[in-house]
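For reference, the chains in residue letters:
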Amino acid sequence: MASMSPKAQQRALSTYEGFVCGGIAACIAVTVSNPAEVAKTRLQLQGELAKGGGVRVYNNSLDVFKKTLKNEGIRGLQRGLGPAYAYQILLNGSRLGFYEPFRHSFNSLFGQAPSAQIPFTSVLAGATSGAVGAALGNPLFLIKARMQAYSPALPIGTQHHYKSSLDALSTIFRAEGLRGLVRGVDAAILRTSMGSSVQLPSYNFTKRTLISNGILPEDSTWTFLASSSVSGACVLVVMQPADTALTRVYNQPTVIGPDGRPRGALYKNPIDCLWKTFKAEGVRGWYKGSTAHFMRIAPHTIITLTANDIIINFYKNTKYGPIDDDA
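Below, the structure is looked at part by part. Keep in mind the model is a prediction, meaning the values are calculated, not measured.

**Details of the overall build of the protein**
Consideration 1: Looking only at helices and strands, the protein has 13 helices and two strands in total.
Consideration 2: What you see for the protein is a C-alpha radius of gyration of 21 Å, in line with the 20 Å of a compact globule of 327 residues.
Consideration 3: In terms of overall dimensions, the protein has a C-alpha envelope of 65 × 45 × 35 Å along the principal axes.
Consideration 4: For the protein, the proportion of contacts with a sequence separation of at least 24, taken over those separated by at least 6, is 76%.

**Brief notes about the packing of helix α10 (residues 221-251) against helix α11 (residues 270-281)**
Consideration 1: In the contact formed by α10 and α11, the axes pass within 9 Å of each other and the chain directions differ by 100 degrees. Overall, the two elements α10 and α11 adopt an arrangement that is roughly perpendicular. Between α10 and α11, the residues in contact are Pro241, Ala245, Arg248 and Val249 and Pro270, Cys273, Leu274, Thr277 and Glu281, respectively.
Consideration 2: A class-by-class count of the residues in the contact of α10 with α11 yields six nonpolar, one polar and two charged.

**Side note on the environment of Ile311**
Consideration 1: Among the structural elements, Ile311 can be located in helix α13 (residues 290-320).
Consideration 2: For the pair Ile311 and Cys21, spaced 290 residues apart in sequence, the C-alpha to C-alpha distance is 6.4 Å.
Consideration 3: Residue contacts for Ile311: discarding those within four places in its chain leaves Cys21, Ile24, Ala25 and Ile28.

**Points about the nonpolar core**
Consideration 1: Core analysis: the largest hydrophobic core is formed by 17 residues, its most contacted members being Ile172, Leu246 and Tyr250.
Consideration 2: Looking at this core, the elements with two or more residues in it are α4 (81-97), α6 (119-149), α7 (165-176), α9 (185-212) and α10.
Consideration 3: Of the residues forming this core, the biggest block, seven residues, is contributed by α6.
Consideration 4: Residues within four places of Leu246 in sequence aside, it is in contact with Phe141, Gly184, Ala187, Ala188 and Arg191.
Consideration 5: In this structure, Leu43, Leu45, Tyr58 and Ala149 belong to the second largest nonpolar core, which totals eleven residues.

**A closer look at a nonpolar patch on the surface**
Consideration 1: Taken together, the side chains of Tyr16, Val20, Ile24 and Ile28 present a nonpolar region at the surface, about 380 Å² in accessible area.
Consideration 2: Tracing the backbone shows Val20 in helix α2 (residues 15-45).
Consideration 3: The class for Val20 is partly exposed, based on a relative accessible area of 31%.

**Some thoughts on unusual backbone geometry**
Consideration 1: For Leu49, which is not glycine, the phi dihedral falls at a positive 60 degrees.
Consideration 2: In this fold, Leu49 is placed in the loop between α2 and α3 (61-77).

**With respect to the layout of surface pockets**
Consideration 1: In this structure, the second largest pocket encloses a volume near 500 Å³.
Consideration 2: As for the second largest pocket, its lining consists of 21 residues, of which Gln46, Arg56, Arg284, Lys288 and Gly289 are closest to the centre.
Consideration 3: Of all the secondary-structure elements, those providing two or more residues to the lining of the second largest pocket are α3, α11, α12 (283-286) and α13.
Consideration 4: With three residues, the top contributor of residues to the lining of the second largest pocket is α13.
Consideration 5: Among the residues making up the lining of the second largest pocket, the classes are represented as seven nonpolar, ten polar and four charged.

**Section: the state of the cysteines**
Consideration 1: According to the stated counting rule, one finds zero disulfides in the structure shown.
Consideration 2: Cys21 forms no disulfide, and the closest cysteine sulfur to it belongs to Cys27, at a distance of 12 Å.

**Examining the pattern of salt bridges**
Consideration 1: Overall, the coordinates contain 15 salt bridges when judged by the stated rule.
Consideration 2: Note that Glu37 is salt-bridged to Lys144, the shortest N-O span being 2.7 Å. Linking Glu37 in helix α2 with Lys144 in helix α6, this pair joins segments that are 107 residues apart in sequence. With respect to burial, Glu37 and Lys144 carry one shared label: buried.
Consideration 3: The residue Glu176 makes a salt bridge to Arg183 at a minimum N-O spacing of 2.5 Å.

**Here we look at α4**
Consideration 1: Over its 17 residues, α4 runs 22 Å from end to end, which matches the ideal 24 Å to within 8%, given 1.5 Å per residue.
Consideration 2: In the structure, α4 departs most strongly from a straight axis at Tyr87, where the bend amounts to approximately 25 degrees.
Consideration 3: Burial runs high along α4: twelve of the 17 residues are buried.
Consideration 4: Within α4, burial applies to Leu81, Pro83, Ala84, Tyr87, Gln88, Leu91, Asn92, Gly93, Ser94, Arg95, Leu96 and Gly97.

Rules and cut-offs
- Residues numbered from 1 in each chain as written.
- Predicted model: local features only at pLDDT ≥ 70, side-chain atom pairs only at ≥ 80, totals over all residues.
- Heavy atoms only, no water.
- Helix = DSSP H or I, 4+ residues; strand = E, 2+ residues; numbered from the N terminus.
- Rg over C-alpha atoms; globule rule 2.2 N^0.38 Å.
- Contact = heavy atoms within 4.5 Å.
- Axes fitted to C-alpha atoms, helices over the stretch in contact; angles between N-to-C directions.
- Parallel < 35°, antiparallel > 145°, perpendicular 65-115°, else oblique.
- Nonpolar A, V, L, I, M, F, W, Y, C, P; charged D, E, K, R; others polar.
- Core = buried A, V, L, I, M, F, W, Y, C linked by side-chain atoms within 4.5 Å.
- Buried < 20%, exposed > 50% of the residue type's maximum accessible area, 1.4 Å probe, protein only.
- Patch = residues over 30% accessible without salt bridge, like charges linked within 9 Å, V, L, I, M, F, W, Y side chains within 5 Å.
- Areas by Shrake-Rupley, 256 points an atom, 1.4 Å probe, with all protein chains shown as cover.
- Salt bridge = Lys/Arg side-chain N within 4 Å of Asp/Glu carboxyl O.
- 1 Å grid on protein atoms, 1.4 Å probe; cavity = no way out; pocket = protein on both sides within 12 Å on 5 of 7 lines; lining within 4 Å.
- Points joined across faces, edges and corners; volume = space filled by probe spheres on them.
- Disulfide = S-S within 2.5 Å.
- Expected span 1.5 Å × (residues − 1).
- Bend = angle between axes of the 7 residues up to and from the residue.

Keep in mind that these numbers describe shape and distance, not what the molecule does.
This is the structure we're talking about:
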């Protein structure tokens, strides 16, 4: 595959610029997708480890929206939005900003051209950049999940009430120390690595296929939307079980273990969570909230990746000027 032209190389973004552009795109997306995230979180916790499904507070995703809006208002639907913004900057800033540098490095490591599109190194770069973002943003995702699960009207699962993000961080730190803030980081890395391993590779593959076959033009918004839709579906299929495990590991109550340290009362790790969920609820337990997850991940992926491309193109044109057709 041909390497980048000198003009394209001159317009390449630094890792920092890619991080900022990716973070801005993700914040735009999460404003739209956060209500579906609240619904997903509550459905994943409903009937936790209860054979036969337990008590059903919510019938489906739309029922969550309806009851949450009725009992808690817009504020209820947007619970956890503050830490969600900060988390998205760290996660997607890392996932989108570090993806290309990692991919180029892996290509060079395997003796390939840095800009070559190789499926293996693309998946590896996606998983690695996602793992970095998940590790950095773990405390924020932890408090976001707990804030989204909290409902004064229709409580489901363990309830954690915090006045704000700072109150949540300080409360957890005082009670459990630094260990409490990194709780579930293994589940977060598993979940995000699985999702990130397919998000950008599937997006780029779909986009290249549409363009190279003359189906859609390169800079068309429809190209971005179609590629993002395929990417979102791929992420959902791969990530859902790990996402359910992450929500439950984060939200579980804690007890003091034999060593005097607080530990999860229900699960030792994400694999233990998946096994116990399977034994009590079957495979369907892994996929609780999958409809709400799709309602979150489809617009979130579409908006994030489409906005990222638009923001990057706008930034490049502002910084370098429009690229000439005959360049």
